[in-house]
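Residue strings, one per chain:
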Amino acid sequence: MKKSVAVGVDLGGTWVRVTARSPESKRLRSFKARTPGLNGLPAFLLKLWRRWRLSRRDVGALVVAARGIWTVAERRSYQQRLNRLAARVTVISDVEAAFLGALGEGPGLLALAGTGSIVLGRNNRGRWERAGGLGPLLGDEGSAFWVGREWLRATDPTRARKIARAPDAVARIAALAPGVLREATGGSPLARSIVREAQRHLATLAARTAKSLKLEEPVAVSWGGSLLGDRTFRRGFARALKQSGLRVRLIKPRESPALAALRLASAILRKSKSNSSRTDHRPDVLNHPRQRSP
């Protein structure tokens, strides 16, 4: 990869995924690692640039889809910290990138359940709304963290207290979720109860968002995150949606959040050639979505 490289970054609660493409070669390059977090991302990307033999002059557009970034002030502040890495930097929410990757520009709902959980919806008039996404202290019901925490609280309080004091407690607790799913599949009554409750939490967020946006049924629903990536868990989520009274059409995500971020970066790069004086090329994709309590 040489000049005019477009880079998309999906910065989640557990993993960071980076994709890059050079228009000259059309070659797609990708990298995945444990998340360095918001504070550690600039140094992480600088090291990756060196590994890929890139400089700021080579990276024409960088789009970072970051967990925990919502307001205009947050986007601009974090963008300034990344300006030394690319000619043009855009910061969006990770769930925004996930929605675009899953459903494109149409109306519907995205249920995201990885380390955290959130539901993002959009109606046919372009109005957005989100529910959940309040983080492990105030929310994230139905997430991998929530599943792992409920399991720990019920099975091993001593270990729970020990992990809670660790600096990476959230990621370590979320990492327990796949084991809980296996226990549920194996017939554990406790694990099944926790998993069903997680599915109900997510379905409740989705149903409330659909009702608020007055989405026409059957509602297009897609998904993202490691927990909903599990087919068995997803089938239970679909049952919970039906029990909530919401008729849906489940749609497989079209592309990953990292690829959606890369697509935006490529569009910014193309646009910059005809409008080089503009400094903020962020498409008006998400206009302050309303927050609803779980």
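Calculation notes
Residues numbered from 1 in each chain as written. Predicted model: local features only at pLDDT ≥ 70, side-chain atom pairs only at ≥ 80, totals over all residues. Heavy atoms only, no water. Core = buried A, V, L, I, M, F, W, Y, C linked by side-chain atoms within 4.5 Å. Buried < 20%, exposed > 50% of the residue type's maximum accessible area, 1.4 Å probe, protein only. Helix = DSSP H or I, 4+ residues; strand = E, 2+ residues; numbered from the N terminus. Axes fitted to C-alpha atoms, helices over the stretch in contact; angles between N-to-C directions. Parallel < 35°, antiparallel > 145°, perpendicular 65-115°, else oblique. Contact = heavy atoms within 4.5 Å. Nonpolar A, V, L, I, M, F, W, Y, C, P; charged D, E, K, R; others polar. Patch = residues over 30% accessible without salt bridge, like charges linked within 9 Å, V, L, I, M, F, W, Y side chains within 5 Å. Areas by Shrake-Rupley, 256 points an atom, 1.4 Å probe, with all protein chains shown as cover. Salt bridge = Lys/Arg side-chain N within 4 Å of Asp/Glu carboxyl O. Lys, Arg positive; Asp, Glu negative; His and termini not counted. Charge placed at Lys NZ, Arg CZ, Asp CG, Glu CD. Pairing = 2+ DSSP bridges.

Q: Residue-level account of the nonpolar core, with values.
A: Counting 42 residues, the largest nonpolar core has Leu109, Val147, Leu228, Phe233 and Phe237 as its most contacted members. Counting residues per element, this core draws most heavily on helix α8 (residues 189-213), which supplies 10 residues. Val7, Ala20, Ala33 and Tyr78 belong to the second-largest nonpolar core, a separate cluster that totals 26 residues.

Q: Run through the packing of helix α4 (residues 144-155) against helix α5 (residues 157-164), naming residues and quoting values.
A: Between α4 and α5, whose axes approach to 6 Å, the crossing angle comes to 135°. When the axes of α4 and α5 are compared, the pair comes out oblique. Touching Leu152, Arg153 and Thr155 of α4 are Pro157, Arg159, Ala160 and Ile163, all from α5. Its residues placed into classes, the contact of α4 with α5 shows 4 nonpolar, 1 polar and 2 charged.

Q: Let's hear about a positive patch on the surface: which residues, and what values?
A: A contiguous patch of positive charge, built from Arg159, Arg161, Lys162, Arg165 and Arg172, is present on the exposed surface. On the secondary structure map, Arg161 appears in helix α5.

Q: How would you summarise the sheet that holds strand β3 (residues 28-34) if you had to cite specific residues and measurements?
A: The 5 strands are arranged β3-β2-β1-β4-β5 in an open sheet whose pairing can be described as mixed. Each having just a single partner strand, β3 and β5 (89-93) make up the two edges of the open sheet. Taking the axes of each pair of neighbouring strands and ignoring which way they run, one obtains an average angle of 15° across the sheet. Where strand β2 (residues 15-21) lies against β3, 7 bridges are found, and the strand directions are antiparallel. For Trp15, the partnering residue across the bridge sits in β3 and is Arg34. Docked against the sheet, helix α2 (residues 72-82) engages β1 (5-11), β4 (59-66) and β5, running at close to 140° with respect to β5.

Q: Quick one: what's the story with the pattern of salt bridges, residue by residue and with numbers?
A: Tallied over the full model, the rule gives 7 salt bridges. In this structure, the salt-bridge partner of Glu105 is Arg122, at a minimum N-O distance of 3.6 Å. With a gap of 17 residues between them, Glu105 in the loop between α3 (94-103) and β6 (108-113) and Arg122 in strand β7 (residues 117-122) connect regions that are remote in the sequence. The salt bridge partner of Arg127 is Glu129, with a shortest N-O separation of 2.9 Å. Among the residues examined, Glu129 registers a relative accessible area of 0% and is labelled buried. Taken together, the salt bridges that share partners define one network made up of Arg149, Glu150 and Arg153.

Purely geometric stuff here, so don't read any function into it on its own.
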